[in-house]
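The lines below spell out each chain.
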Amino acid sequence: MPITKEMLDELLKDYQKPEDILGESGIIQQLTKAILERALEGELSHHLGYEKHQRSDSLNSRNGKTSKTLKGKKGEISIDVPRDRNAEFEPQIIKKRQTRFDGFDDKIISMYARGMTMKEIQGHLQEIYAIEVSPEMISTVTDAVLDEVKAWQNRPLDSVYPILYLDALVVKVKDQGRVSNKSVYLAIGVNMAGLKEVLGIWTSETEGAKFWLSIVTELKNRGVKEIFIACVDGLKGFPQAIESVFPQTQVQICLVHQMRNSLAYVSYKDRKQVAGDLKSVYKAATAEMAERQLEQFEQTWTVRYPMIGKSWRANWSRIIPFFSFPADIRKALYTTNAIESLNMSLRKIIKNRALFPNDEALFKLLYLALRNISKRWTMPIKDWGLAMQQFAIVFDGRVPLH
């Protein structure tokens, strides 16, 4: 039904200031209340089979009203919900036990996913919408995604991922009354369309090759048959864990980790120069040129920082595969490594929490944060069609023709 000028004139005849329309007792709130209550009366009439004040032989009848307060983006509205004597009436526009308008929960989840604490969400809703919400309500709203988290964590995966990034970050979790540091394991795959995808989240009290083996095995059980390149940190036994499940996968030590570990030995005044000299190693055109650059680096810095050269030499067999790849693939493997960038975003979100009360709370926040962060992701390789041609050459016979 069109809203006529006459209807609007009638509504606005006493209008003097914005609060008369937008305030807690303004026209919009009054109109919303009136429409909802009228709709509820209509639903009850339909359920009973006769209008209010009509005579009927029905065994069921109207039985007064129940007051209910609804929270929403325009504040709180108190409405009267009609009842029937047999308690069979199921309202549709405002369902039983519903206390929030559609879309209000999304606001809470959005704020939670951005790392806001319970107190911050409460303060924001009070300031913007003049609504008081309890921590229990926020937990109830965000807990609604837990089933979604479980389904996501167990979903089937693609059969082929050209690139897989694996890493872990550490958070504090309260477990059985004690606070412990837990490693959160993350796996990001670049699929055949060139898009990044978080394959799963796992937790353990320690980051170890044995646990990584269980993760890689799970990926295989969920449908992954082929990984061309796995980019990992320098954890002992990690490459072997991957190769035991995916023997044809080329395991590449993450150069971001390698650089960070190297610079941990360096004094602040030397960091820039050491980083520049190491850059000449991984920016070399070939493995042979990279080794010559490493020898030159060792001549310059071994006396002062002997551990750096030793670290690069110890991992050299896992570093040099990088030099066999074309420039576009190299860039995807190194440039602000995808999982490092993700970890940085997650750390910003979890930094407001000294600890998590349990694993469920941790998974809930990480899942919502990942869902939010992934909306902004771009392709790690801009010309993905060219990259796939390069993958087809480097990994001959392993790239699906379809």
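This structure is a prediction, so every number in the text was calculated from the model and none was measured.

Q: Please set out the overall build of the protein chain residue by residue, giving values where relevant.
A: Helices and strands together make up the secondary structure of the protein chain, namely 18 helices and seven strands. For 402 residues, the compact-globule estimate of 2.2 N^0.38 gives 21 Å, and the protein chain exceeds it by more than 25% at 30 Å. Principal-axis analysis of the C-alpha atoms places the extent of the protein chain at approximately 100 × 50 × 50 Å. Out of the 402 residues belonging to the protein chain, those deemed buried represent 44%. A total of about 22,300 Å² of accessible surface is found on the protein chain, and carbon and sulfur atoms cover 52% of it. With 57 positive and 49 negative side-chain charges, the protein chain shows a separation of 5 Å between the mean positions of the two kinds.

Q: Tell me what's going on with the nonpolar core, and back it up with residues and numbers.
A: Val274, Trp312, Leu346 and Phe391 are the most contacted members of the largest nonpolar core, which totals 101 residues. Residues within four places of Trp312 in sequence aside, it is in contact with Leu255, Gln258, Met259, Ser262, Leu278, Val281, Tyr282, Leu294 and Ile319. Ranked by size, the runner-up nonpolar core spans seven residues in total, among them Leu40, Leu70, Ile77 and Ile79.

Q: A description of the packing of aromatic side chains should follow, citing residues and the corresponding values.
A: In this structure the tally under the stated criterion is 11 aromatic pairs. Ring pairs connect the aromatic residues Phe228, Phe325, Trp384, Phe391 and Phe395, which therefore count as one cluster.

Q: So what's going on with the pairing of strand S3 (residues 160-175)? Residues and values would help.
A: With 12 of 16 residues buried, S3 lies mostly within the body of the structure. In the sheet, S3 pairs with strand S6 (residues 226-232) via five bridges, with the strands oriented parallel. Bridging across to S6, Ile163 finds its partner in Ile229. Where S3 and strand S4 (residues 178-190) come together, 13 bridges link them in antiparallel fashion. Within S4, the residue paired with Leu164 across the bridge is Gly189.

Q: Could you give an account of the confidence of the model for the protein chain, naming the residues involved and the relevant values?
A: A residue-level look at the protein chain finds 93% of positions with pLDDT of 70 or above and a mean pLDDT of 83. Looking at the elements of the protein chain, mean pLDDT is at its lowest for helix H2 (residues 19-22), recorded as 70, and at its highest for helix H12 (residues 287-301), recorded as 94.

About the cut-offs
- Residues numbered from 1 in each chain as written.
- Predicted model: local features only at pLDDT ≥ 70, side-chain atom pairs only at ≥ 80, totals over all residues.
- Heavy atoms only, no water.
- Helix = DSSP H or I, 4+ residues; strand = E, 2+ residues; numbered from the N terminus.
- Rg over C-alpha atoms; globule rule 2.2 N^0.38 Å.
- Buried < 20%, exposed > 50% of the residue type's maximum accessible area, 1.4 Å probe, protein only.
- Areas by Shrake-Rupley, 256 points an atom, 1.4 Å probe, with all protein chains shown as cover.
- Lys, Arg positive; Asp, Glu negative; His and termini not counted.
- Charge placed at Lys NZ, Arg CZ, Asp CG, Glu CD.
- Core = buried A, V, L, I, M, F, W, Y, C linked by side-chain atoms within 4.5 Å.
- Contact = heavy atoms within 4.5 Å.
- Phe/Tyr/Trp six-rings, centres within 6.5 Å; stacked < 30°, edge-to-face > 60°.
- Pairing = 2+ DSSP bridges.
- pLDDT = per-residue confidence, 0-100.

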